[in-house]
Every structure is written in structure tokens, then in C-alpha cells.
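Okay, here's what each chain looks like letter by letter:
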Amino acid sequence: MSTTASPTSQDKDERLAHVSPLKKALHRPEFGSVAGALLVIVFFALVASGTGMFSGAGVINFLEVSAQLGILAVAAALLMIGGEFDLSIGSMIGFAGMLIAIPAVQYGWPIWAALSFAFGCALAIGALNGWLVVKTGLPSFIVTLGFLFILRGVAIGIPRLMADRTQIGGVHDVIGNDWFAALFSGEVGEGFFLWLSEIGVIGTNFAGNPTVSGIPVSIVWWLGLTALATWVLLFTRFGNWIFACGGDKEAARNVGVPVNLVKIVLFMFTAFAACVFAALQVMDTGSADSIRGILKELEAIIAVVIGGALLTGGYGSAIGASFGALIFGMVQMGIFYTGVNTDWFQVFLGAMLLIAVLFNNYVRRKALEAK
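So, here is what we can say about the structure in this document. (Residues numbered from 1 in each chain as written. Predicted model: local features only at pLDDT ≥ 70, side-chain atom pairs only at ≥ 80, totals over all residues. Heavy atoms only, no water.)

Here we come to the environment of Thr211. For Thr211, the location among the structural elements is in the loop between helix 8 (190–198) and strand 3 (215–216). Judged by relative accessible area, Thr211 falls into the partly exposed class, the value being 42%. Through-space distance from the C-alpha of Thr211 to that of Ala57 is 6.3 Å; in sequence the pair is 154 residues apart. Residues contacting Thr211, with those up to four places away along its chain left out, are Ala57, Gly203, Thr204 and Asn205. (Helix = DSSP H or I, 4+ residues; strand = E, 2+ residues; numbered from the N terminus. Buried < 20%, exposed > 50% of the residue type's maximum accessible area, 1.4 Å probe, protein only. Contact = heavy atoms within 4.5 Å.)

See the structure below:
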């Protein structure tokens, strides 16, 4: 009778290598930005102690700043993972704001129609950006750089032609009770925060109102888009296509990935995110300004790179981009709370970009060595 040795729990398969939890974490694209966010929190907890930065109102302040950039960064992350850049999103903010304010204020359109018009135009321009990139073979850097100037020029020229100024106000006067406008203005959870103040969890002001009245809708948009983008990347076929397009578009095309469609959809998503940003600003301030969004495209790229995405494509995460935006918001507001000269903020952004690129290259090299 022949016998075979049965495997036991103590047997080791030489083909299976044990990977420590730390090494697994290092292979995650968002590791650097999560660690960076924790360091920034600890730093400002020490140097900004007693300034109110980490009070309820202070946390909402830096989360709101982070949310505005995070909305752009999440969309930019997906596009960069797909191997492309969109330098026009900053100009799209100013352009889309005008597409909302001019029809509503100058021509009496209902806000829902003006917002729908702006989103429709933004998606069309995003599709045009993507189509030009995939059909001409030009680098997306060049194509979207052209649209950066085109959209900014139109955003300046049209209001000057129609109203002899580059700012259109009066949006609050025409909003009324528009249901669509409510998606881009106000706060959520007011009743919950009122209850928290009544039971003593959060403080109240001199009038007896809670110091935090609700969560700004921009934060809800940020978290929602981050969750959606993460689900798409990790759990859908389209997410696999995005990684494939950024890793090697020709190999992806050879195995049946619709590369052109994926890239066009990603450009449309960045344009959509820029229009969301514009709508939030217009509904909040009650006006549109041609110069809004300047340099936001570069800030979004910095947040994405801090979040672990590679400039060459094929690697990154939406969560990492969101943490990159969180670092941006905390530092911007932290400088304000500590009273440091805000001129140094640009120095921080440049330094963080260089450090993030060096760290990402190190992690990428280690990940390749482990294969």
C-alpha cells in the first residue's frame, strides 16, 4: 500500500513568500499621503494648540478647503492613472461659472436650466479634449494646454462683451427655491448637529446656536466622488481598463480594451468635476468671476502625486488623491491659524511635490523588486 504525505499546517510551500503588513502597506499608492496627513495633523496639533484649528468649526474649515481641491483631485487621479493630463480644469472653473451666471442673471433662466447648460457644455468640451488626444495622437499636455488658454479667454471675453466686466453677480437673487441649486449650496445634517449641541457634545455660540451648524455640501460631494471613484477603480471592469490604459495602452488595445472610449470618458469626468467646483463657488458666493480656478490644475496634479499616482500612469488611487487634498487643506488653514506668512505656502507645495515624487519612485522600485 502506498501512502502520500498529507500537508500539515507546519509545512511551508517554498513558492509562497511571507509579506509583512508593513511591506503590503508600502505597496499601496496611498500609503505616503496617509502617512503625510498623520504627520501634518501631529505637527499642527503641537504648533497650533489652543488656536481653534482642531475645534469643530476649525475642522470644518480645513475640510471645506480640502474638499474643493479634492473634487478636482479625484477626477485628475483617474485621468493620470489612465496615462493622461488635463491642464484645462482650472480654466474650466471660470468658464463654467460664467455659463451658470450669465444665463441666470442676464437672461432670466431658472437656475436648474443654467446649471444643466453649464454641465452639458463642460461634458462636451471634456469629450472634445479626449477626442483630440486619441484621434490626433498629440500629447494631452499640449491639447489641454491649448484649452487652458481658450477657455480662460472666452471666460474673460464674453462677460466683457456683454456686461463690460469680468464678474457677474446677483445669482442669489434668482436662486429662489430651485431644487437643483440645493445640490450645490448649503449644509447637510443641521438637525444632527443641533442635537449634538443640546446634549453637550459640541459647543454653542453667544446666541445659543451650535458652533458647527452642519456639513458643507462641498464636503459631501468630495466624499461621494472619492467613494465612487474608488469603487470604479477597485471593483469594476472599467477600473481595470483605466489601469491597463495607463500601464500600456497598446497591450490594453490588443486584449480588447476600448482605449479611446476610456480616455474620452476620463476627460469628461475631469470636466464634470471642474463644473461641480464652479457650481459650488457660484452658489456660495452668488457670483461668477473669470479668474476663478487659476492654478487649480497644478494644485490638483500636486495632490494626485502626493497621493501616490505615478506621472507615467498605470498606478495610483482616488483615496490617495483625497488625502493629498486633505494635506493641502490642513496646511493652508494651519498657516492661517498659526499666523505664519502665507507666502511660504507656495514653498511647501513645491517641496511636497518633490518629496512625493521621490517617495513614489522609491515605492515603485521596491514593488517591482518584490515581483
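After that view, the rundown keeps rolling.
All right, on to unusual backbone geometry then. As a rule of thumb, non-glycine residues mostly have phi less than zero, and peptide bonds are mostly trans rather than cis. A positive phi angle, close to 70 degrees, is found at Leu295, a residue other than glycine. Position of Leu295 relative to the elements: it lies in the loop between strand 4 (288–289) and helix 13 (296–306). Among the residues examined, Leu295 registers a relative accessible area of 43% and is labelled partly exposed.

Below, the discussion takes up the environment of Gly334. Checked against the element boundaries, Gly334 lands in helix 14 (residues 318–338). In this structure Gly334 comes out as buried when scored by relative accessible area, which is 0%. Residues Gly334 and Phe44, 290 residues apart in the sequence, show an inter-C-alpha distance of 6.6 Å. In contact with Gly334, other than residues within four places in its own chain, are Phe44 and Met53.

A few words now on the packing of helix 13 against helix 14. Packing of helix 13 against helix 14 brings their axes to within 7 Å, and their N-to-C directions diverge by 115 degrees. For the crossing formed where helix 13 meets helix 14, the hand is right-handed. Residue-level inspection shows Glu299, Ala303, Val304 and Ile306 of helix 13 in contact with helix 14, the latter providing Gly320, Ala321, Gly324, Ala325, Ile327 and Phe328. A class-by-class count of the residues in the contact of helix 13 with helix 14 yields seven nonpolar, two polar and one charged. (Axes fitted to C-alpha atoms, helices over the stretch in contact; angles between N-to-C directions. Left-handed = near helix turned anticlockwise from the far one by under 90°. Nonpolar A, V, L, I, M, F, W, Y, C, P; charged D, E, K, R; others polar.)

The analysis is restricted to geometry; functional conclusions fall outside its scope.
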